[in-house]
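# Secondary and tertiary structure notes
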Amino acid sequence: MIETIATNPYTDQKMGTAGLRKKIAIAMQPNYIENFLQSIFNTIPNLEEKSFLVGGDGRYFNKTAIQKIIKIAAANHVKKLYIGQNGLVSTPAGSCIILKNKLDGGLILTASHNPGGINGDFGLKYSTSTGGQCQPHESQAILEQTLKIKEYKISDSPDLDLSHLGVFHCEETEIEVIDPYTDYIKMMEGIFDFNQLHSLLTSEFRFVFDAMNGVTGPYAKRIFEEILGAPQGSVLNATPKEDFGGLHPDPNLIYAKTLVDLMYSDNAPDFSAANDGDGDRNMILGSHFFICPSDSLAILTDNYRLIPAYKDGIYGVAKSAATSMAVKRVADTLKIGFYEVPTGWKYFVNLMDSKRITFCGEESFGTGAAHIREKDGIWAVLFWLSIIAATHKTVKQIALEHWQKYGRSYFLRNDFEGIEQSVADKLMSELEQRLPQLSNKQFGRFTVSTAYPFVYNDPVDNTSTQNGLIVHFTDGSRIVYRLSGTGTNGATLRTYIERYVTGDIDEDPNKMLQELCAVSREISNVTALTGKEQPDIIT
Ligand code: G1P
Ligand code: ZN
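### Quick word on the sheet that holds strand S14 (residues 289-291)
- Within the open sheet, the five strands sit side by side as S11-S10-S12-S13-S14. Their pairing is mixed. Taken across any chain shown, the strands that pair with only one partner, and hence form the sheet edges, are strand S11 (235-236) and S14.
- Where strand S12 (residues 271-275) and strand S13 (residues 282-286) come together, five bridges link them in antiparallel fashion. Bridging across to S13, Ala-274 finds its partner in Met-283.

This is the structure in structure tokens:
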């Protein structure tokens, strides 16, 4: 039976760059998810003809939310839901499944790399038939619904068992529990040379993948161990857990510490990688060597010809403004298009849809390509392994040769977390006002050339977006300032610090950037405004 439940609006359901993201305690409030889902469905016409994918990264509350999605979708006469077995679907596989099966969209339950468990975060992304997240006008329409919602519809049917594949019904809605791995694996087999990769992973080459107890565990087990022949146990933390086993499933030097320690130990494997909770971020490490994500994008782009799917050419490449300029030097050399966009994958998606780019990436451990409309952690790992298989070089050799050829952009991100929103806003607006006065000003050995707010004119949407403030120095160094759009604890100031060097390419970034980091704090006035002498997190 379909029931209509009276409700009151919540006023905080605005989606950010990564969908709706909230503390679990907020998401679990009465009618909170229900309101949001009904608001989404209110914006989609002809639901009786529409099919959606449902699944997520396996975090706490996902199973409960999926049952609510089933019942609310059924009460709104949605034609069909495809649900990943046990409620699991990685973000990249979700995009792949939507595109391959021509679905009308998806409800992907993830807060990405944010912690899980009962004290962690909850997230919900609404993807459209493009395989990517909905556009700003669509999230605006949903927000308007959330602010005026008075009732939602829900079926009173019992919960469905999602552990078995098969076709079920809730009211008139067909529910198909699908294997969330096969389509994605086939897609990877169509891009890379799996025979070549099999030879590598069954050789002496020592490979480790850390799934961080997120959703990529079962994907990685199948791809790296079962198909490509890596020894059993090569995939660590391979079982998705509701609390990620207490880990913060963000693949970087801080949160993937156990893996990093292994890679810097005497017993270090040749190569390792980690993915985040929902599988769209990646970190690449070699023996005693870390690949900065900005460099990863540049190195992958420089080697596109080694990959079967790209050997005949790629369109171009894009990076977020916060990402280092390394990939621009590659694009200029290869004479392919180069684009610099605001933070948020949707900007890349527009460039992919209009065939301007094939590859893209961000400093925040996200790399991807036009095979789907989300960033793709396992794709990046397969790409790196393919370069190693083809060149027989180590990770370190590949990076050093790259820097010898192009010079190196030393790069660090300094995050100042938990700032009161009003203080963060003040810092940014005061800094923006001061930017014109910074020109030609000297800070130690660094002299500012230009400083301006980064404004992006989207060539597809004809919209312009302001995202961050950029300070350029005469030696090619840069500092970018912006506020995070995904945090759930107050505001986070992100400071991106980059220094371009052609000589000393094998130095410690902390050493090479120490002075510029101090300059970045001086320019932003962060210590005076927040009391913080140092960043909370450096990545
Ligand atoms: C962060 C990253 C950004 C990424 C987003 C979603 O957003 O910095 O590059 O696109 O997560 O994964 P932020 O919190 O900086 O707005
Ligand atoms: Zn993610």
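### Quick word on the site of ligand 1
- As a structural note, the neighbourhood of ligand 1 is formed by Arg-281, Thr-343, Glu-362, Glu-363, Ser-364, Lys-375, Arg-413, Arg-482, Ser-484, Gly-485, Thr-486 and Arg-494.
- About the coverage of ligand 1: the protein hides 96% of its 380 Å² of free accessible area.

### Comments concerning the coordination of the zinc ion (ligand 2)
- The protein atoms donating to the zinc ion (ligand 2) are Ser-112 (OG), Asp-276 (OD), Asp-278 (OD) and Asp-280 (OD), with metal-donor distances spanning 1.9 to 2.1 Å.
- Taken together, the four donor atoms coordinating the zinc ion (ligand 2) and their angles of 88 to 155 degrees define a geometry best described as irregular.
- The sequence pattern describing where the donors of the zinc ion (ligand 2) fall on their chain is S-x163-D-x1-D-x1-D. One end of the pair, Ser-112, is in the loop between strand S5 (105-109) and strand S6 (121-128); the other, Asp-280, is in the loop between S12 and S13, and 168 residues separate them in sequence. An identical accessibility class is assigned to Ser-112 and Asp-280; each is buried.

### Section: the nonpolar core
- Phe-224, Phe-271 and Trp-379 are the most contacted members of the largest nonpolar core, which has 74 residues in total.
- The greatest single-element share of this core, amounting to eleven residues, is contributed by helix H13 (residues 377-391).
- Those residues in contact with Phe-224 that lie beyond four places of it in its chain are Leu-201, Phe-207, Phe-209, Gly-229, Ala-230, Ile-378, Val-381, Leu-382 and Leu-385.
- Core analysis: the next-biggest nonpolar cluster, separate from the first, contains 40 residues, Ile-44, Phe-52, Leu-124 and Leu-162 among them.

### Section: unusual backbone geometry
- Positive phi, close to 55 degrees, is recorded for Met-212, a residue that is not glycine.
- Mapped onto the secondary structure, Met-212 falls in the loop between strand S10 (207-210) and helix H8 (216-227).
- Although it is not a glycine, Phe-244 sits at a positive phi angle of roughly 55 degrees.
- By the secondary structure assignment, Phe-244 is in the loop between S11 and helix H9 (257-263).

### Overview of the pattern of salt bridges
- Enumeration over the complete set of coordinates arrives at 29 salt bridges.
- Between Asp-302 and Lys-405 there is a salt bridge, with its nearest N and O atoms 3.5 Å apart. On the criterion of sequence distance, the pair formed by Asp-302 in helix H10 (residues 293-302) and Lys-405 in helix H14 (residues 395-406) is long-range, its members being 103 residues apart.
- With its nearest N and O atoms 2.8 Å apart, the salt bridge here joins Asp-332 to Lys-328. One end of the pair is Asp-332 and the other is Lys-328, both in helix H11 (residues 326-334) and four residues apart, which spans about a single turn.

### Looking at the pairing of strand S9 (residues 173-178)
- Across five bridges, the pairing between strand S4 (residues 80-88) and S9 is parallel. Bridging across to S9, Lys-80 finds its partner in Glu-174.
- With five bridges connecting them, strand S8 (residues 166-170) and S9 associate as antiparallel partners. Note that in S9 the partner of His-169 across the bridge is Glu-174.
- Taken together, S8 and the strand that follows it, S9, pair antiparallel across an intervening segment of two residues, in which Glu-171 is found at a positive phi of about 50 degrees.

Here is what the cut-offs are and how they apply
- Sequence positions are assigned chain by chain, starting from 1 and proceeding in written order.
- Chains carry letters from A onward and ligands carry numbers from 1 onward, assigned in written order.
- At least 70 in pLDDT is required for a residue's local features to be given in this predicted model, at least 80 for side-chain atom pairs to be given and counted, and no such filter applies to totals for whole chains, interfaces and linings, which use all residues.
- Water and hydrogen atoms play no part in the side-chain values, which are based on all heavy atoms of the structure.
- By definition, two strands form a pair when at least two bridges between them are found by DSSP.
- Secondary structure elements are defined from DSSP: runs of H or I of at least 4 residues count as helices, runs of E of at least 2 residues count as strands, and each element is numbered from the N terminus.
- By convention in this text, a residue qualifies as near a molecule or strand provided that one of its non-hydrogen atoms is within 4 Å of it.
- Accessible surface area values rest on a Shrake-Rupley calculation with a 1.4 Å probe, where residue burial reflects the displayed protein chains alone.
- Only nitrogen, oxygen and sulfur atoms qualify as donors, and only when within 2.8 Å of the metal (3.2 Å in the case of Na, K and Ca); with water excluded, sites may look incomplete.
- Under the classification used here, a metal with four donors is tetrahedral if each angle lies between 85 and 135 degrees, square planar if opposite donors are over 155 degrees apart and the others between 65 and 115, a six-donor metal meeting that same test is octahedral, and anything else is irregular.
- In this scheme, a residue with accessible area under 20% of its type's maximum is buried, one over 50% is exposed, and one in between is partly exposed, where area comes from a 1.4 Å probe on protein chains only.
- Take the buried residues of types Ala, Val, Leu, Ile, Met, Phe, Trp, Tyr and Cys, join any two whose side-chain atoms come within 4.5 Å, and each joined set is a nonpolar core.
- We call two residues in contact whenever any of their non-hydrogen atoms come within 4.5 Å of each other.
- Salt bridge, as applied in this entry: a Lys or Arg side-chain nitrogen positioned within 4 Å of an Asp or Glu carboxyl oxygen.

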